[in-house]
Amino acid sequence: MIEFAVNIETLRKRYSNGVEALAGVSLQVPYGSIFGLIGPNGAGKSTMVKSLLSILRPTECRGTMLGEPIGNKAILAKVGYLPEHASFPDYLTGRQVIEYAAGLAHQSRNACRQRCETLLEQVGMKEAAHRSIRTYSKGMKQRIGLAQALINDPVVVFLDEPTDGVDPEGRIDFKNMIISMREEGRTVFVNSHLLAEVEQVADRVAILSKGRIIQYGLVEEMTRRDARYEIKFQGQLPVSLMTWCHEQQMTIEQDRISYRADSPAQMQPLIDRLRAALVVIREIKEERFSLEELFLQAVAQSRTEASVIKGGKR
Ligand SMILES: Nc1ncnc2c1ncn2[C@@H]1O[C@H](COP(=O)(O)OP(=O)(O)OP(=O)(O)O)[C@@H](O)[C@H]1O
Ligand SMILES: [Mg+2]
């Protein structure tokens, strides 16, 4: 049975100005996995994280985090958090920011020193640790933010847009750091709109749009759904085989046959028929949807549905 570090049965947040930022979402994050919450601006991603961490008071919330009801303050000692647009007092040095976070987490002085140096090393900020934050670039601040999120050796880490303002090389570092967190056994919850990045690291994702989850699942399964297979061949297809392909809803274009299928097993009868007809196969390709394509499709579909419902109400 899968155990969940975060198990949201329902979470709803309506701000005092009437905006319903979360309209009753439900999702599960297994222990030791990387979870990506993706969605356009204003979808409700930060609201969700802040609600889970009791920074905001949700309107309705049922579920557990690390086995305790969401909202239980004691579990926050096992949680790390890198807020969106994290900012720290700019007169502090990078090292002091991490030490300050250690103090808030009631870490002993000795344990803190050791861990602080390890983290500075991990996030690549050892050299600049003695400089004040005001001399840092955006990416350097994000690195210090990541280190302070890990100071209490958390079981689950929430990262709200961790690569915001980080250059492409830095993003690769961030990706590797997130993967290392999973290797260390942590559960990582990442909010992002950098879809390609999420696709590379996350085990599961949820697509959030206007406070609702419109797609949720394993990245591997989601991107495989509706995959296309394409076979390139050499020579002429026998007419009987062309007819069979059309009957199977396959598309033939010049020297290639393509087909929508959930698994490569569905392509095997075609391969057998091509081989039996002595047609030379030059290439077999699986084309999956990228998370970005799925995201754009899902968001566009949810907008269409919303406008149909609105239209119907009129
Ligand atoms: N303090 C607040 N008071 C009122 N409405 C708010 C508040 N904070 C956020 N909202 C609204 O709630 C909705 C969700 O905002 P949220 O910041 O959670 O989105 P997000 O998905 O994190 O967006 P982004 O990608 O821009 O960070 C938006 O419509 C936003 O305007
Ligand atoms: Mg946000």
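None of these values were measured; they are calculated from a predicted model.

1. Remarks on the overall build of the chain
Here is step 1 of the chain: Counting secondary structure elements, the chain contains 10 helices and 14 strands.
Here is step 2 of the chain: Projected onto its principal axes, the C-alpha coordinates of the chain cover approximately 80 × 55 × 40 Å.
Here is step 3 of the chain: Looking at the chain as a whole, 35% of its 314 residues qualify as buried.
Here is step 4 of the chain: Contacts in the chain between residues at least 24 apart in sequence constitute 71% of all its contacts with a sequence separation of at least 6.

2. Quick word on the sheet that holds strand β12 (residues 251–253)
Here is step 1 of the chain: Here four strands make up an open sheet; going across it, the order is β12-β13-β11-β14 and the pairing antiparallel. Single-partner strands in this sheet number two, and they are β12 and β14 (280–287). Here the strands of the sheet are splayed against their neighbours by 20° on average, with no regard to which way each runs.

3. Let's talk about the nonpolar core
Here is step 1 of the chain: If you look at the biggest cluster of nonpolar residues, it comprises 69 residues, and the most contacted ones within it are Ile98, Ala147, Val157, Val188, Phe189, Val190 and Val198.
Here is step 2 of the chain: Leaving out residues up to four positions away in the same chain, Val188 has contacts with Ile34, Phe35, Val157, Leu159, Ile178, Met181 and Arg182.

4. Some remarks on the pairing of strand β11 (residues 228–234)
Here is step 1 of the chain: Side chains Tyr229, Ile231 and Phe233 project from β11 onto a buried face, and the interleaved Arg228, Glu230, Lys232 and Gln234 project onto a face without burial.
Here is step 2 of the chain: The pairing of β11 with strand β13 (residues 256–260) spans five bridges and is antiparallel. Across the sheet, the residue bridging to Ile231 is Ile257, located in β13.
Here is step 3 of the chain: Both β11 and β14 contribute to a ladder of seven bridges, which runs antiparallel. Bridging across to β14, Glu230 finds its partner in Lys285.

5. Considerations on the packing of helix α2 (residues 94–104) against helix α4 (residues 138–149)
Here is step 1 of the chain: Two elements in contact, α2 and α4, have axes whose closest approach is 9 Å; the angle formed by their N-to-C orientations is 25°. Between α2 and α4, the interaxial angle falls into the category roughly parallel. In this structure, the crossing between α2 and α4 has a hand that is right-handed. Residues Gly94, Val97, Ile98 and Ala101 of α2 touch α4, and the partners they reach there are Ile144, Ala147 and Gln148.

6. Some details on the site of ligand 1
Here is step 1 of the chain: For ligand 1, the set of nearby residues contains 14 residues, the closest of which are Tyr15, Ala21, Lys45, Ser46 and Thr47.
Here is step 2 of the chain: Of all the elements, helix α1 (residues 45–52) adds the most residues to the shell around ligand 1, at three residues.

7. What about the domain arrangement of the chain?
Here is step 1 of the chain: What the domain assignment reports for the chain is domain 1 (4–222) and domain 2 (226–287).
Here is step 2 of the chain: The C-alpha centroid of domain 2 is placed 45 Å from the C-alpha centroid of domain 1.

8. Considering the packing of α2 against helix α3 (residues 109–122)
Here is step 1 of the chain: Contact geometry of α2 with α3 gives a least axis separation of 10 Å together with a crossing angle of 135°. On the basis of their axis angle, the class for α2 and α3 is oblique. Crossing geometry of α2 relative to α3 is assigned as right-handed. Across from Arg95, Ile98, Glu99 and Ala102 in α2, the residues of α3 making contact are Cys112, Cys116, Leu119 and Leu120.
Here is step 2 of the chain: Here the residues of the contact of α2 with α3 are counted per class, giving six nonpolar, no polar and two charged.

9. A closer look at the sheet that holds strand β2 (residues 20–30)
Here is step 1 of the chain: Spatial strand order, β2-β1-β4-β5: four strands in an open sheet with antiparallel pairing. If you trace the sheet from one side to the other, it starts and ends with β2 and β5 (68–69), each paired once.
Here is step 2 of the chain: The pairing of strand β1 (residues 4–14) with β2 spans eight bridges and is antiparallel. In the strand pairing of β2, Arg12 is matched with Ala23.
Here is step 3 of the chain: Each of β1, β2 and β4 (60–65) is contacted by α1, which is oriented at about 115° to β1, the strand it contacts most.

10. A closer look at unusual backbone geometry
Among all residues except glycine, the phi angle is most often negative; among peptide bonds, the trans geometry is most common.
Here is step 1 of the chain: Non-glycine residue Leu66 carries a positive phi angle of around 50°.
Here is step 2 of the chain: Mapped onto the secondary structure, Leu66 falls in the loop between β4 and β5.
Here is step 3 of the chain: Taking the C-beta count within 10 Å as the criterion, Leu66 has 21 such neighbours and is therefore assigned buried.
Here is step 4 of the chain: In this model, Leu278 sits at a positive phi of 60°, which is unusual for a non-glycine residue.

11. Digging into α1
Here is step 1 of the chain: Of all eight residues in α1, seven are buried; the element is thus mostly enclosed.
Here is step 2 of the chain: All of the buried residues along α1 are Lys45, Thr47, Met48, Val49, Lys50, Ser51 and Leu52.

12. Topic: the environment of Met222
Here is step 1 of the chain: Note on placement: Met222 falls in helix α7 (residues 219–224).
Here is step 2 of the chain: Excluding residues within four positions of it along the chain, Met222 makes contact with Gln215, Gly217 and Leu294.

13. Section: the environment of Arg288
Here is step 1 of the chain: Within the fold, Arg288 resides in the loop between β14 and α10 (291–313).
Here is step 2 of the chain: Taking the C-alpha atoms as reference points, Arg288 and Thr223, separated by 65 residues in sequence, lie 5.7 Å from one another.
Here is step 3 of the chain: If near-sequence neighbours (up to four positions away) are discounted, Arg288 is found in contact with Thr223, Arg224 and Ala227.

Criteria and thresholds
- Residues numbered from 1 in each chain as written.
- Chains lettered and ligands numbered in written order.
- Predicted model: local features only at pLDDT ≥ 70, side-chain atom pairs only at ≥ 80, totals over all residues.
- Helix = DSSP H or I, 4+ residues; strand = E, 2+ residues; numbered from the N terminus.
- Buried ≥ 20, exposed ≤ 12 C-beta atoms within 10 Å, placed from the backbone.
- Contact = placed C-beta atoms within 7 Å.
- Pairing = 2+ DSSP bridges.
- Axes fitted to C-alpha atoms, helices over the stretch in contact; angles between N-to-C directions.
- Core = buried A, V, L, I, M, F, W, Y, C linked by C-beta atoms within 7 Å.
- Parallel < 35°, antiparallel > 145°, perpendicular 65-115°, else oblique.
- Left-handed = near helix turned anticlockwise from the far one by under 90°.
- Near = placed C-beta within 6 Å.
- Domains from an automatic or database assignment.
- Nonpolar A, V, L, I, M, F, W, Y, C, P; charged D, E, K, R; others polar.

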